[in-house]
Every structure is written in structure tokens, then in C-alpha cells.
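Results of the structural survey
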Amino acid sequence: MRDSAASRLEKGAPVRLDKVSFSYGEAPLVFDVEFAAAKITAIMGPSGSGKSTLLNLVAGFETPQSGRVLIGGADVSVEPPSMRPVSMVFQENNLFAHLTVAQNVGLGRSPSLRLTEADHAAITEALERTGLAGKEKRLPRELSGGERQRVALARVLVRDRPVLLLDEPFASLGPALRDDMLDMVAAVHAERGMTVLFVTHQPEDARRIGQNMVFLDDGLVAATGKADDFFAGAGPEAFRRYIGAST
């Protein structure tokens, strides 16, 4: 990859928020938590508990007011997003309407789309891997919602970064299609061993692919542990109330 600082890290770098505080002018959010390397960690909690903010702090879209963000042991707290060893998929997939599918994926290799032969080969492979072969020249408006999210995942594949952040990317999809996308994420994780931080409001999504769980409540990390243990009743009372209201 062109970003040597990011590419030097091994697959599945651990992520730590070390006494990180942040606020939007209201009560501060405080995150002190470590995400295990090469695991899929589901992040759950009520609306307003700080789930998206946590991801934005890891990605570099927000800067801590205090504390440190560590990825692979390196302090990246003041590094811009482009210099962090992170890929992120949003609910709104962040595709450029005027670019083709192949070009949108190609941005993961070069923001200027100055692509080498190796880049084009990687794009072709990623499109095949995500079931988009033959749709290289289509524009985002010519795709279904699920296909647009597949483009976003293909861009993740060509970036090949050790940390993947997912901010409810499949929330707008129907149950069957959402399951297909979750299974694709799990397959990519098994293949590449990335550290995955996955925000979701859906307990069934966390059950399906989550290995670990971080539960946020009122701007704090209320509990962490194995996802199976949480769903077996070992999670905090706030978590049990939360999924009871969601299922």
C-alpha cells in the first residue's frame, strides 16, 4: 500500500482507547477500553451512548480532549484519518455519485485514481469477491442498496488495512440481505484477520458475527466480554434491559 505507516502494521492490530474523553459541549463521553486484535467486537448501547463517536475517535474524524488512541501500540491520537491503519464503512456507504463502481473502489488504492496494473488487478479481484463482477461501469444510482454496500466493502478489501470500523452499515437493508452482508464480513474477517469494530442496534447481528462485546451506557463503557456470555445472561442489567426492549 502507498501509506507505508499504515501498511507496516500486522493484520489484526489491537485498538485501545486509553482514558479518552470527548464531548460535544454536553456531559463528556469517557472511553477506557481495549479491542482485541483479530476479533470482531460488537459495540452496542442505547442511542446517544457514544457508539458512533467511539468509532470516529478511532478513525480520526474526532480528536480526544484527553487520553490517547492507540492502534497496534502506536499513539495515533493526532494523526489524520488518511494516515491511520483503518478502513470504515458507514450506513450511507460514502460513494461518489459521479464515479463508476470500479472508480469508487479504486479510491481505496489511490485518492487521485492514478492506478497501476496491480491496482486494477486488486480492484477486479475485490469486485469478484463481493459479487459485483460485470457491474464495474455502473454508477451508484444504478445499484440497489445492498450492491452499494458491497462496493463499500470492496473498497475495504483493496485498502487492506488491519482495522475495520463498521457503523451500522446494513441497518437499512432487509433481514435476508443484511444476513448476507454480515456473512460476507465474517468471511472477509476469517480470510484476512482484521480487527473489526462493529456498531449495531440489532442483537441478532451481534449474535451472528460478534466474538466480543462492548456495551456503552450513558457515555461510558459499561461492560466488556465475550458476546456469547452477554447473550447467555452474563451482561449487565442495562444490557439485558436493552436487548429486552429490542427483541
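For the structure itself, consult the block above.
Residues numbered from 1 in each chain as written. Predicted model: local features only at pLDDT ≥ 70, side-chain atom pairs only at ≥ 80, totals over all residues. Heavy atoms only, no water.

Take the pairing of strand 1 (residues 15–22) next. Counting buried positions along strand 1 yields 6 of 8 residues, so the element is predominantly enclosed. Direction of pairing for strand 1 relative to strand 2 (residues 29–35): antiparallel, over a ladder of 6 bridges. Residue pairing for strand 2: V15 is matched across the bridge by F35. Counting the residues between successive antiparallel strands, the hairpin from strand 1 to strand 2 contains 6 residues, one of them, G25, with a positive phi of roughly 100°. Note: strand 1 against strand 4 (residues 66–71), 5 bridges, orientation antiparallel. Note on strand 4: the bridge partner recorded for R16 is L70. (Buried < 20%, exposed > 50% of the residue type's maximum accessible area, 1.4 Å probe, protein only. Helix = DSSP H or I, 4+ residues; strand = E, 2+ residues; numbered from the N terminus. Pairing = 2+ DSSP bridges.)

The next subject is helix 2 (residues 51–59). Within helix 2, 8 of the 9 residues are buried, leaving the element largely enclosed by the surrounding structure. The first or second residue beyond helix 2 is G60, which carries a positive phi of 100°.

Here the second largest pocket is characterised by a volume of approximately 270 Å³. Lining of the second largest pocket is provided by 16 residues; of these, L29, G48, S49, G50 and T53 occupy positions nearest its centre. The greatest single-element share of the lining of the second largest pocket, amounting to 3 residues, is contributed by helix 2. Partitioned by chemical class, the residues of the lining of the second largest pocket number 4 nonpolar, 8 polar and 4 charged. (1 Å grid on protein atoms, 1.4 Å probe; cavity = no way out; pocket = protein on both sides within 12 Å on 5 of 7 lines; lining within 4 Å. Points joined across faces, edges and corners; volume = space filled by probe spheres on them. Nonpolar A, V, L, I, M, F, W, Y, C, P; charged D, E, K, R; others polar.)

Time to look at empty space enclosed by the protein. What the rule picks out here adds up to 1 cavity of 30 Å³ or more. The computed volume of the largest cavity comes to approximately 50 Å³. Surrounding the largest cavity, E168, P169, F170, A171, F198, V199, T200, H201, Q202 and D205 form its lining. In the lining of the largest cavity, the residues fall into 5 nonpolar, 3 polar and 2 charged.

The next point concerns the side chain of T200. In this fold, T200 is placed in the loop between strand 8 (195–199) and helix 7 (203–209). Filtering out sequence-adjacent residues up to four positions away, T200 remains in contact with I43, M44, E168, D205, A206 and Y242. (Contact = heavy atoms within 4.5 Å.)

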